[in-house]
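Descriptive analysis of the structure
Given next are the chains, with one letter for each unit.
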Amino acid sequence: MLKPGDKMPQFEVVDQDGKPVKSEDFIGKGRKTIIYFYPKDNTPGCTAEACSLRDNYAALTAAGYNVVGVSKDSVASHKRFEEKYGLPFTLLSDTELSVIKAYDVWKEKKMCGKTSVGTLRRTFIFDEDGILERVIEKVDTKNAAGQVLEQDVQGQ
């Protein structure tokens, strides 16, 4: 499990447009990076989370953040999700689970009495140099952006 002070794990996957994206793309560019992991495009909780970030995108970017979503969905699924909800940020397609496993969010989950393995909903916030500042483990999908911004204000 990543903890504050750890470096951003290295990765290279593709975004919703099929373009390669590397972890280095977010380091040393003068902006903090929010990397949020979610289970599946177009599901109620994941849509609420993405829309919270979309609706507060101007405030997040004004506060100096990049926003990056990650799930194991395909490029085509991400593209449909982006277009359907007008998402202005990067969605990474991690079909091989390399990023998801590097961030240790591929875990056993229990839902409705059933146990399965899948992506945990987690938000990682890195500073401009790619050093982990904090992890939000209990994500409020309807207020995902607010959780980032509230903690940002409290941390100052």
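Note: the structure precedes this text.
A brief look at the structure comes next.

**A word on the overall build of the chain**
In terms of regular secondary structure, the chain is built from 5 helices and 9 strands. Seen in sequence order, the chain has helices and strands lined up from the N terminus as β-β-β-α-α-β-α-β-α-β-β-β-β-α. Over its C-alpha atoms, taken along the principal directions, the chain stretches across nearly 40 × 30 × 30 Å. Classification of the 156 residues of the chain by burial places 47% in the buried group. Within the chain, counting contacts between residues at least 6 apart in sequence, those at least 24 apart form 63% of the total. When the accessible surface of the chain is split by element, carbon and sulfur atoms take 49% of a total near 7900 Å². If the 23 positive side-chain charges of the chain are averaged to one point and the 24 negative ones to another, these points end up 5 Å apart.

**Some details on the environment of Asp104**
Mapped onto the elements of the fold, Asp104 is located in the loop between helix H4 (98–102) and strand S6 (106–111). For the pair Asp104 and Gly45, spaced 59 residues apart in the sequence, the C-alpha separation amounts to 20 Å. Within the local environment of Asp104, its side chain forms a polar contact with the backbone nitrogen of Met1, the two atoms lying 3.4 Å apart.

**Points about the layout of surface pockets**
Considered as a void within the structure, the largest pocket measures approximately 220 Å³ in volume. In terms of lining, the largest pocket is formed by Pro39, Lys109, Lys110, Met111, Lys114, Ser116, Thr119, Leu120 and Arg121. Counting residues per element, the ones that place at least two in the lining of the largest pocket are S6 and strand S7 (114–119). Looking at the lining of the largest pocket, its residues break down into 3 nonpolar, 2 polar and 4 charged.

**Quick look at the pairing of strand S9 (residues 132–136)**
With 4 bridges connecting them, strand S8 (residues 122–126) and S9 associate as antiparallel partners. Residue Phe126 lies in a different strand from S9, and its bridge partner there is Leu132.

**As for the environment of Val68**
With respect to the secondary-structure elements, Val68 resides in strand S4 (residues 65–71). In this structure the C-alpha to C-alpha distance between Val68 and Phe37, which are 31 residues apart in sequence, comes to 8.7 Å. Ignoring sequence-local partners within four residues, the contact set of Val68 consists of Phe26, Thr33, Ile34, Ile35, Tyr36, Thr90 and Leu92.

**Considering the sheet that holds strand S5 (residues 90–93)**
Strands in a sheet are paired, the pairing made by backbone hydrogen bonds, and the direction either parallel or antiparallel. The sheet built from 7 strands is open, its strands ordered S2-S1-S5-S4-S3-S8-S9 with mixed pairing. Strands with a single pairing partner mark the edges of an open sheet, and in this sheet they are strand S2 (20–22) and S9. Going from strand to strand, the sheet's axes swing by 30° on average, the running direction of each strand aside. Pairing between strand S1 (residues 12–15) and S2: 3 bridges, direction antiparallel. Each residue of the ladder has a partner; that of Val13, found in S2, is Val21. Packed onto the sheet, helix H1 (residues 44–55) meets strand S3 (32–37), S4 and S8 and runs at close to 160° relative to S3.

Thresholds, definitions, all that
Residues numbered from 1 in each chain as written. Predicted model: local features only at pLDDT ≥ 70, side-chain atom pairs only at ≥ 80, totals over all residues. Heavy atoms only, no water. Helix = DSSP H or I, 4+ residues; strand = E, 2+ residues; numbered from the N terminus. Buried < 20%, exposed > 50% of the residue type's maximum accessible area, 1.4 Å probe, protein only. Contact = heavy atoms within 4.5 Å. Areas by Shrake-Rupley, 256 points an atom, 1.4 Å probe, with all protein chains shown as cover. Lys, Arg positive; Asp, Glu negative; His and termini not counted. Charge placed at Lys NZ, Arg CZ, Asp CG, Glu CD. Polar contact = N/O pair within 3.5 Å; in protein donor to acceptor, adjacent residues only side chain to side chain. 1 Å grid on protein atoms, 1.4 Å probe; cavity = no way out; pocket = protein on both sides within 12 Å on 5 of 7 lines; lining within 4 Å. Points joined across faces, edges and corners; volume = space filled by probe spheres on them. Nonpolar A, V, L, I, M, F, W, Y, C, P; charged D, E, K, R; others polar. Pairing = 2+ DSSP bridges. Axes fitted to C-alpha atoms, helices over the stretch in contact; angles between N-to-C directions.

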